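Residues per chain are reported as follows:
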Amino acid sequence: MSNRVINLYSDTQSQPTPAMRQAMAEAKVGDEQRGADPTVNALCARVAELLGKEAAVFLPSGTMCNEIAILIHCKHGDEIICERNCHLIVAEGGAPAALAGVMMYQIDGERGIFTAEQVRAATRERNRYAPRSRLVSVEQTSNAGGGSVWPLATIEAVAAAAHEGGLALHMDGARLMNAVVASGITAADFARPFDTVWIDLSKGLGCPVGGVLAGSADLIEEAWVWKQRLGGALRQAGIVAAAGLYALDHNVERLAEDHANAKAFAEAIAEVPGLALDPATVETNLVYFDVTAPGLDAAALSARLLERGVDISAMGKYRMRAVTYLDVGRDEVLTAAAVVSEVMQELAAPAARDAG
Ligand SMILES: *Cc1c(COP(=O)(O)O)cnc(C)c1O
């Protein structure tokens, strides 16, 4: 056995492959801020076309894609309708409030997915008392929802409800390409009703850095002003954009392997006593499961697994998340599942419990 850790912490852990690094080394570059980096321009054109939008802008992170989208759609005091556990709310340092001064109307979704009826119920009547409902945000796939894929029909119904209420639409597409590969629906079809939509390059696509935000030419021009203001305008960024182009050529279809590996991992640990998981809920590359063994919590299990060479994150007191991506193969997920099973047996054994 090697001492290498099997890293299921996140799909952000992927390492650029030698071929990706080669593409980066050979990239033609220029001053991105002036619009003169040919590789960044090529990536933006490619993503705009992929998402069926007029224009796109390269940004240093997915978080900046979300926050700039909010800044161009909303004024201070406006309200965004979104799911309670979406990334905007739980993982962006309070940026919607800190940067855009917006309020968040939090819908309780089902595995991160909400309905058109919930959007209608959340949309406030326009009057001088209420915050102005302004934007609906959809996360495809839903991270905290377990990597669940929004069905196209649900997206279309939610979009219709948003439009009835005069609201703009934003998609956090950090893992949109996982949804595309899992469903067979094109990115452009998923993105069609959205005013702004982005994909992350540094998750399952395996790039070191970056996200690309797409929308109408006018909205992307406004996004550029915020990119400049926030210090997100870059120089010879083609070095990293080249990784994005490489990933779109080589790392999209293979996401199916990640999904199959996630499913295999889920099936292998589903029956382990002291854990709760329904493999049928695993649609893409995220596997969430709960620790139900008495006296054990997620942090303790995560620490014990790490000692045994398996990195799985604690996402809550009793919630764990394992993520598959291109550096983790079938053998490794099955080894990881076996380690989870062994560790749970040890932790649940009476002797271990008595020893405290
Ligand atoms: C990772 C993630 C982001 C943020 O992307 P970064 O590139 O890490 O800033 C936004 N939304 C979701 C759903 C994510 O999983």
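Residues numbered from 1 in each chain as written. Predicted model: local features only at pLDDT ≥ 70, side-chain atom pairs only at ≥ 80, totals over all residues. Heavy atoms only, no water.

Describing a negative patch on the surface
Here comes step 1: A surface patch of negative charge is lined by Glu54, Asp218, Glu221 and Glu222.
Here comes step 2: One can find Glu221 in helix 10 (residues 217-229). (Patch = residues over 30% accessible without salt bridge, like charges linked within 9 Å, V, L, I, M, F, W, Y side chains within 5 Å. Areas by Shrake-Rupley, 256 points an atom, 1.4 Å probe, with all protein chains shown as cover. Salt bridge = Lys/Arg side-chain N within 4 Å of Asp/Glu carboxyl O. Lys, Arg positive; Asp, Glu negative; His and termini not counted. Charge placed at Lys NZ, Arg CZ, Asp CG, Glu CD. Helix = DSSP H or I, 4+ residues; strand = E, 2+ residues; numbered from the N terminus.)

Regarding the pattern of salt bridges
Here comes step 1: Under the criterion given, the structure shown has 18 salt bridges.
Here comes step 2: A salt bridge links Asp31 to Arg235, with the shortest nitrogen-to-oxygen separation between them at 3.2 Å. One end of the pair, Asp31, is in the loop between helix 1 (18-25) and helix 2 (38-51); the other, Arg235, is in the loop between helix 10 and helix 11 (238-250), and 204 residues separate them in sequence.
Here comes step 3: Ionic pairing is found between Arg192 and Asp189, a salt bridge with its closest N-O pair at 2.7 Å.
Here comes step 4: The exposure class of Arg192 is exposed, given its relative accessible area of 54%.
Here comes step 5: On the basis of relative accessibility, which here comes to 27%, the residue Asp189 falls in the partly exposed class.
Here comes step 6: Salt bridges linked by common partners bring Arg304, Arg308, Glu342 and Glu346 together as one network. (Buried < 20%, exposed > 50% of the residue type's maximum accessible area, 1.4 Å probe, protein only.)

Quick look at the site of the ligand
Here comes step 1: In the vicinity of the ligand lie 15 residues, with Gly62, Thr63, Asp172, Asp200 and Lys203 positioned nearest.
Here comes step 2: One of the backbone nitrogen or oxygen atoms of Gly62 is found 2.8 Å away from an oxygen atom of the ligand.
Here comes step 3: One of the side-chain N or O atoms of Arg175 is found 2.9 Å from an oxygen atom in the ligand.
Here comes step 4: Considering the ligand on its own, with 380 Å² of exposed area, one finds that the protein chains cover 88% of that surface.
Here comes step 5: When contributions to the shell around the ligand are tallied by element, the ones reaching two or more residues are helix 3 (62-73) and strand 7 (196-200).
Here comes step 6: For the shell around the ligand, the element with the most residues is helix 3, which contributes three residues.
Here comes step 7: Considered class by class, the residues forming the shell around the ligand number two nonpolar, seven polar and six charged. (Near = heavy atom within 4 Å. Polar contact = N/O pair within 3.5 Å; in protein donor to acceptor, adjacent residues only side chain to side chain. Nonpolar A, V, L, I, M, F, W, Y, C, P; charged D, E, K, R; others polar.)

Focus on the packing of aromatic side chains
Here comes step 1: Within the structure shown, the criterion is met by two aromatic pairs.
Here comes step 2: Taking the centre distance of 4.9 Å and the plane angle of 85° together, the rings of Phe114 and Trp150 count as edge-to-face. Of this pair, Phe114 sits in the loop between strand 4 (103-107) and helix 6 (116-122) while Trp150 sits in the loop between strand 5 (133-139) and helix 7 (152-164), placing them 36 residues apart in sequence. Judged on exposure class, the residue Phe114 and its partner Trp150 are both buried.
Here comes step 3: Between Phe265 and Phe289, the aromatic rings sit 6.5 Å apart at their centres with planes inclined by 55°, giving tilted as the arrangement. Pair noted here: Phe265 is in helix 12 (residues 255-269) and Phe289 is in strand 10 (residues 286-291), with a separation of 24 residues, a long-range link.
Here comes step 4: Among the residues examined, Phe265 registers a relative accessible area of 1% and is labelled buried.
Here comes step 5: Sitting above the plane of the Trp224 ring, Lys227 keeps its charged end 4.7 Å from the centroid. (Phe/Tyr/Trp six-rings, centres within 6.5 Å; stacked < 30°, edge-to-face > 60°. Lys NZ or Arg CZ within 6 Å of the ring centre and 35° of its normal.)

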